[in-house]
Amino acid sequence: MTIPKYVQTQRAVVDLIATNRLGVGSLLPTEPELAKRFGVSLITLRRAMGKLEELQVVRRAQGRGTFVAAGSQELKKAGTIAFVNIFEGPLAIPTFGPSLMNLDNSLARRGYDLRLVAAGREPSHDVTRLLVDVDGVLVSGWITQEWLQLLASLNMPLVIVGTVAGDTYGMPSVVYDWQGMATMLADNLLNRGARRLGLIAGGSDYAPSAEMRTGLEVAMQARGLSVDPDCILFPDHHRKAPEIVDYLNRCGESLDGLLVEVGWSADVLAWLLSRSCRPHLGVLAVSPVFRQQYEAITEAHFPDDIYEASIQLLFAMTEPTDGAPASIRLQPALVGGKKKASS
């Protein structure tokens, strides 16, 4: 299911105002112009503008047009959204990377503050207090049964952002399609002549690893090939380097293609550079790292920002008449790895 068009259009109008730094009283393009710009019908556009007028973001004047009605200071009064990052090990302090900065900016344009909450595997009283006065929650990380019970009791819009230790628990979620990514990447390597593929992904308790393995098996089975279980490695987080070296010494020479989650790619590249005969390398990543620097490397990544998709889903949940989607699976894309032209 997709996010309702009018909700997407609301977001696009707010982005237009923010991107062009339109102040209070600025005249917006006409409704037909906006509908054409955003690729929606006039009915959808007018519904979106009606919602924005209710939120006092815009003001429509008969015969004169639509004007910006709220600057950034006025929009700040809308409320607060919490982003809860649950850590498996020792509690860490979350940092504002580019994606979270984009999320903060996106919420600010909607009139919401972002509250970052760092949490451990078991909910604490201090963390719980930070969630009682917010208007919605995004949660990511190592979600335990104790956390599930707390999240279910919040009775507010909530979206799980990705998964680490299990499925989405029947809650609204935005997840990466790791299985589709592995299938896409394996198909690319097979199209380039590889026939014996291996996989190095996260630990055995890391949910995306199982999806990656299934994706690889789907691609191989479609061509009548099988995956050697000995060529699948889920390294232990605490001793990954020795395990990867042992794996490559054991399987590397027999492989003509290798799928590697980006976190382990440095160890693999160090080993490959010492060999004259190297398998095609496929890297699974959220964002591309190598960006076509090496012809022998193909990267699969996710073009859509998971935090932006999550906030769209969170706000779509407040419009029950359209039925907000229960889950969004972000789709992968390839970078590099073009088949070498024959001379």
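Residues numbered from 1 in each chain as written. Predicted model: local features only at pLDDT ≥ 70, side-chain atom pairs only at ≥ 80, totals over all residues. Heavy atoms only, no water.

Trainee: Provide a residue-level description of the pattern of salt bridges, including the pertinent values.
Mentor: All chains considered together, the criterion is met by 10 salt bridges. Ionic pairing is found between Glu31 and Arg60, a salt bridge with its closest N-O pair at 3.3 Å. Here the residue Glu31 occupies a position in helix H2 (residues 31-38), and Arg60 occupies one in strand E1 (residues 58-61), the gap between them amounting to 29 residues. Relative accessible area serves as the criterion here: at 16%, Glu31 is assigned to the buried category. Note that Glu211 and Arg329 form a salt bridge whose closest N and O atoms lie 3.2 Å from each other. (Salt bridge = Lys/Arg side-chain N within 4 Å of Asp/Glu carboxyl O. Helix = DSSP H or I, 4+ residues; strand = E, 2+ residues; numbered from the N terminus. Buried < 20%, exposed > 50% of the residue type's maximum accessible area, 1.4 Å probe, protein only.)

Trainee: Please set out the environment of Val7 residue by residue, giving values where relevant.
Mentor: When you line up the elements, Val7 lands in helix H1 (residues 5-19). Under the relative-accessibility criterion, Val7 is labelled buried at 7%.

Trainee: Describe helix H11 (residues 265-272), and please don't skip the residues or the numbers.
Mentor: Of all the positions in H11, only Ser265, Val268, Trp271 and Leu272 are classed as buried. Down the axis of H11, the buried set is contained in an arc of 125°. They therefore lie on one face. Exposed residues on H11 whose side chains face more than 90 degrees from its buried face are Ala266 and Ala270. (Arc of directions from axis to C-beta.)

Trainee: Provide a residue-level description of the pairing of strand E5 (residues 136-141), including the pertinent values.
Mentor: Burial analysis of E5 places six of its six residues in the buried class, which makes it a mostly covered element. Across three bridges, E5 lies against strand E6 (residues 158-161) in parallel orientation. Directly across from Val139, in E6, lies its bridge partner Ile160. After leaving E5, the chain enters helix H7 (residues 145-153) and then returns to the sheet as E6, a path that is right-handed. (Pairing = 2+ DSSP bridges. Right-handed = clockwise from strand over helix to strand, strands pointing away.)

Trainee: Please give an account of the packing of H2 against helix H3 (residues 42-54) that cites residues and values.
Mentor: Their axes nearest at 9 Å, the elements H2 and H3 cross at an angle of 110°. By the angle class used here, H2 and H3 are roughly perpendicular. On H3, the residues that touch Glu31, Pro32, Leu34, Ala35 and Phe38 of H2 are Leu42, Leu45, Arg46 and Met49. A breakdown of the residues in the contact of H2 with H3 according to their chemical character gives seven nonpolar, no polar and two charged. (Axes fitted to C-alpha atoms, helices over the stretch in contact; angles between N-to-C directions. Parallel < 35°, antiparallel > 145°, perpendicular 65-115°, else oblique. Contact = heavy atoms within 4.5 Å. Nonpolar A, V, L, I, M, F, W, Y, C, P; charged D, E, K, R; others polar.)

Trainee: Break down the environment of Leu148 for me, with residues and values.
Mentor: Along the polypeptide, Leu148 turns up in helix H7. Leu148 sits 25 residues away from Pro123 along the chain, and the two C-alpha atoms are 9.9 Å apart.

Trainee: A description of the state of the cysteines should follow, citing residues and the corresponding values.
Mentor: Enumeration over the complete set of coordinates arrives at zero disulfides. No disulfide involves Cys251; its nearest neighbouring cysteine sulfur is the one of Cys231, lying 3.6 Å away. Judged by relative accessible area, which is 5%, Cys251 ranks as buried. (Disulfide = S-S within 2.5 Å.)

Trainee: How would you summarise unusual backbone geometry if you had to cite specific residues and measurements?
Mentor: Glycine aside, a negative phi is what most residues show, and trans is what most peptide bonds show. Backbone geometry places Asn155, a non-glycine residue, at a positive phi of 55°. If you trace the backbone, Asn155 turns up in the loop between H7 and E6.

Trainee: Give a description of the side chain of Glu308 that names residues and reports values.
Mentor: Tracing the sequence through the fold places Glu308 in helix H12 (residues 306-316). Not counting chain neighbours up to four residues away, the residues in contact with Glu308 comprise Arg11, Ser106 and Arg110.

Trainee: How would you sum up the confidence of the model for the chain? Please name residues and give values.
Mentor: Per-residue pLDDT for the chain averages 82, and the proportion of residues at 70 or more is 84%. Counted against residues more than four places away or in other chains, residues 339-343, with its pLDDT under 50, gives two contacts. (pLDDT = per-residue confidence, 0-100.)

Trainee: Quick rundown of the packing of aromatic side chains? Include the residues and the values.
Mentor: Summed over all chains, the structure comprises four aromatic pairs. Ring geometry for Phe83 against Tyr307: centres 5.5 Å apart, planes inclined by 75°, an arrangement best described as edge-to-face. Pair noted here: Phe83 is in strand E3 (residues 79-86) and Tyr307 is in helix H12, with a separation of 224 residues, a long-range link. Ring geometry for Tyr176 and Trp178: centres 5.5 Å apart, planes at 70°, overall edge-to-face. Each member of the pair, Tyr176 together with Trp178, is buried. Of the aromatic side chains, those joined through ring pairs into one cluster are Tyr176, Trp178 and Phe302. One Lys or Arg, Arg47, reaches over the ring of Tyr6 and ends 3.8 Å from the middle of that ring. (Phe/Tyr/Trp six-rings, centres within 6.5 Å; stacked < 30°, edge-to-face > 60°. Lys NZ or Arg CZ within 6 Å of the ring centre and 35° of its normal.)

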